[in-house]
Amino acid sequence: MAASSIMGTLHQIHIGSAAFALQKEGGHSASANSAFLGVSVAEHGKREFGFPVLRAKKVTSRNTNVARLRAQTVAAPVETKEAPASKKTDRKGNVIITGASSGLGLATAKALGESGEWHIIMACRDFVKAERMARTVGIPKENYTVMHLDLASLESVRQFADNFKSSGRPLDVLVCNAAVYLPTAKVPTFTAEGFELSVGTNHLGHFLLSRLLLEDLKKSDFKSKRVIIVGSITGNTNTLAGNIPPKANLGDLRGLSGRLNGVNSSPMIDGGEFDGAKAYKDSKVCNMLTMQEFHRQYHEETGITFASLYPGCIATTGLFREHIPPFRLLFPPFQKYITKGFVSEEEAGKRLAQVVSDTSLTKSGVYWSWNNDSASFENQLSEEASDPEKARKVWAISEKLVGLA
Ligand SMILES: NC(=O)c1ccc[n+]([C@@H]2O[C@H](COP(=O)([O-])OP(=O)(O)OC[C@H]3O[C@@H](n4cnc5c(N)ncnc54)[C@H](OP(=O)(O)O)[C@@H]3O)[C@@H](O)[C@H]2O)c1
């Protein structure tokens, strides 16, 4: 299909961020770069709009053996302490990955499972699907366990944590990866406890999970223990993609304080009208704020590395399943051939696997991104996504909502 035809159709569809990205990108000389790939957008932004500067460059091996993937990074936007260097055990690492039944989570499980150095706990809402997908992609049976977790139910989160603890397995790394994205929803839907579904699942479910498992991580004697919360460029308004309406904005958190229930409070964090695309972006801001608040409160005391990342635009994953069919058809070729921001699930999985296992990515409080050569660098978060006061408030309100305070 001709590029102009794809562009025209996406322009007409005008649903969600990708279509708008095209309009924005089309108006500038750097349009060959992706509106979704952090480095391209930010470098473009630096030239054209004075966005924050990306400072790092490094070269990472593309070797599929995760154990051999090594990243060199520079730049230090976030104050941090190195994790304790003492290596206490040589056993396999145990990593929980939420939403490992498809997309990025599955690709990461595959990359880690194939390395032979990890046992993956696939924490999934559909465990039959998870088992089937693990077999389909060929993760060796002895390297994974499927456990049920529905992040849209805090009761399920608690049950998962209890089940994991009673398994007696140590926990070394937790990856909060699962997410829902409802860009075409006209009305809000809700979690079991009545929170708007995107924020309830992506943020509150993971918030409770990571808090409940923190003690297990503290006890780990593994060489490096980590909590990784998957972020997104779309929640960062210091990028071109993050400036595509509807923009992420948590406002004064009045909707979150009001429980996001859509009855006596707005289903949106900022108290506004429901917008499914914005709810997703807001949830990603919460994910990135949570990572930093974890870093501030627990890194020094525990030595746990807390990190977030933007894996790139993985246009083929199930994340876009709620979009209208023409969007789903055109979005991957658009990202592949027009913006060149496309990242395959396999490549994105290797990136997240690096954040799990690479010995050079142990710095805490960092939001990782990758450039067009698949080299990792420490990216800068938007003003809102790096606001410590907002992080503290989101943390305090979330604690109440999930029943921890
Ligand atoms: N795709 C991209 O371009 C992109 C870009 C930036 C960031 N990300 C982030 O990458 C992460 C993974 O997304 P993806 O692109 O791989 O999408 P995906 O293929 O749809 O994967 C999402 C996963 O989350 C699971 N999930 C959804 N609701 C759940 C719930 N209530 N409880 C437990 N698991 C649940 C899904 O389970 P089922 O298999 O049962 O549906 C699926 O395994 C997300 O955090 C997303 O924000 C993606």
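Computed from a prediction, not measured in an experiment: that's the story for all the values here.

(A) Region of the structure containing the overall build of the protein chain. On a plain count of helices and strands, the protein chain comes out with 12 helices and eight strands. When the 405 residues of the protein chain are sorted by exposure, 56% land in the buried category. Restricting the contact set of the protein chain to residue pairs at least 6 apart, pairs at least 24 apart contribute 72%.

(B) Highlighting the nonpolar core. Grouped together as the largest cluster of nonpolar side chains are 102 residues, with contacts concentrated most on Val95, Ala109, Ile120, Met122, Val175 and Ile228. Considering every element that reaches this core, the biggest residue donor is helix α9 (residues 276-302), with nine residues. Once you skip the residues sitting within four places of it in the chain, Val95 turns out to touch Leu112, Trp118, Ile120, Ile121, Asp172, Val173, Val175 and Val356.

(C) View of the environment of Ser198. With respect to the helices and strands, Ser198 occurs in helix α7 (residues 197-219). Note on Ser198: 30 C-beta atoms within 10 Å, which makes it buried. Residues Ser198 and Ala179, spaced 19 residues apart in sequence, show a C-alpha to C-alpha distance of 7.4 Å. Beyond its immediate chain neighbours, meaning those up to four positions away, Ser198 contacts Val180, Leu182, Gly276, Ala279, Tyr280 and Ser283.

(D) Just the site of the ligand, in detail. Taken together, 29 residues sit near the ligand, with Gly99, Gly103, Ala178, Thr317 and Gly318 positioned nearest. The element best represented in the shell around the ligand is helix α4 (residues 103-115), accounting for three residues. Of the residues in the shell around the ligand, the class split is 14 nonpolar, 11 polar and four charged.

(E) Region of the structure containing helix α5 (residues 127-137). Every buried residue of α5 is accounted for by Ala130, Met133 and Ala134. Projected onto a plane normal to the axis of α5, the buried residues spread over an arc of 105° and lie on a single side. For α5, the exposed residues lying more than 90 degrees away from the buried face are Val128, Arg135 and Thr136. In this fold, the buried residues of α5 make contact with α4, β2 (118-124) and β3 (144-148). Immediately downstream of α5, the backbone of Gly138 shows phi near 80°, a positive value.

(F) Main features of the pairing of β3. Across five bridges, β2 lies against β3 in parallel orientation. Within β3, the position partnered with Met122 by the bridge is Val146. For the handedness criterion, the β-α-β arrangement of β2, α5 and β3 is classed as right-handed.

(G) How the structure looks around α7. Between its first and last C-alpha atoms α7 spans 32 Å; for 23 residues at 1.5 Å apiece the expected length is 33 Å, and the two agree. Of all bends in α7, the biggest is about 40°, found at Leu213.

(H) The sheet that holds β3, seen in detail. If you trace the eight strands from one edge of the open sheet to the other, you get β3-β2-β1-β4-β5-β6-β7-β8, paired in mixed fashion. Whereas interior strands pair on both sides, the edge strands pair on one side only; in this sheet they are β3 and β8 (376-379). Neighbouring strand axes in the sheet, compared pairwise and without regard to direction, differ in orientation by 25° on average. Its contacts with the sheet place helix α6 (residues 154-167) against β2 and β3, and it is angled at close to 145° to β3.

(I) Quick peek at the packing of α9 against helix α12 (residues 388-401). For the pair α9 and α12, the least separation of the axes is 9 Å and the interaxial angle reads 95°. By the angle between their axes, α9 is roughly perpendicular relative to α12. Note on element contacts: α12 touches α9 through Lys390, Ala391, Arg392, Val394 and Trp395, opposite Cys286, Leu289, Thr290, Gln292 and Glu293. Taken together, the residues that form the contact of α9 with α12 break down as five nonpolar, two polar and three charged.

(J) Here's a closer look at the confidence of the model for the protein chain. Considering every residue of the protein chain, the mean pLDDT works out to 83; 78% of them sit at 70 or more. Considering each helix and strand of the protein chain separately, the mean pLDDT is smallest for helix α3 (residues 38-49), with a value of 29, and largest for strand β4 (residues 173-176), with 99. Of the regions scoring below 50 in pLDDT, residues 1-86 engages in 197 contacts with residues more than four places distant in sequence or in other chains.

(K) A look at the packing of α7 against α9. Put simply, α7 and α9 touch, their axes get as near as 8 Å, and they point 15° apart. It follows that α7 is roughly parallel to α9 by the angle criterion. α9 is crossed by α7, and the crossing has right-handed handedness. For the pair α7 and α9, contact is made by Ser198, Val199, Asn202, His203, His206, Phe207, Leu214 and Lys218 and by Gly276, Ala279, Tyr280, Asp282, Ser283, Cys286, Asn287, Thr290, Tyr298 and Thr302, respectively. Taken together, the residues of the contact of α7 with α9 sort by class into seven nonpolar, nine polar and two charged.

Conventions we followed
Residues numbered from 1 in each chain as written. Predicted model: local features only at pLDDT ≥ 70, side-chain atom pairs only at ≥ 80, totals over all residues. Helix = DSSP H or I, 4+ residues; strand = E, 2+ residues; numbered from the N terminus. Buried ≥ 20, exposed ≤ 12 C-beta atoms within 10 Å, placed from the backbone. Contact = placed C-beta atoms within 7 Å. Core = buried A, V, L, I, M, F, W, Y, C linked by C-beta atoms within 7 Å. Near = placed C-beta within 6 Å. Nonpolar A, V, L, I, M, F, W, Y, C, P; charged D, E, K, R; others polar. Arc of directions from axis to C-beta. Pairing = 2+ DSSP bridges. Right-handed = clockwise from strand over helix to strand, strands pointing away. Expected span 1.5 Å × (residues − 1). Bend = angle between axes of the 7 residues up to and from the residue. Axes fitted to C-alpha atoms, helices over the stretch in contact; angles between N-to-C directions. Parallel < 35°, antiparallel > 145°, perpendicular 65-115°, else oblique. pLDDT = per-residue confidence, 0-100. Left-handed = near helix turned anticlockwise from the far one by under 90°.

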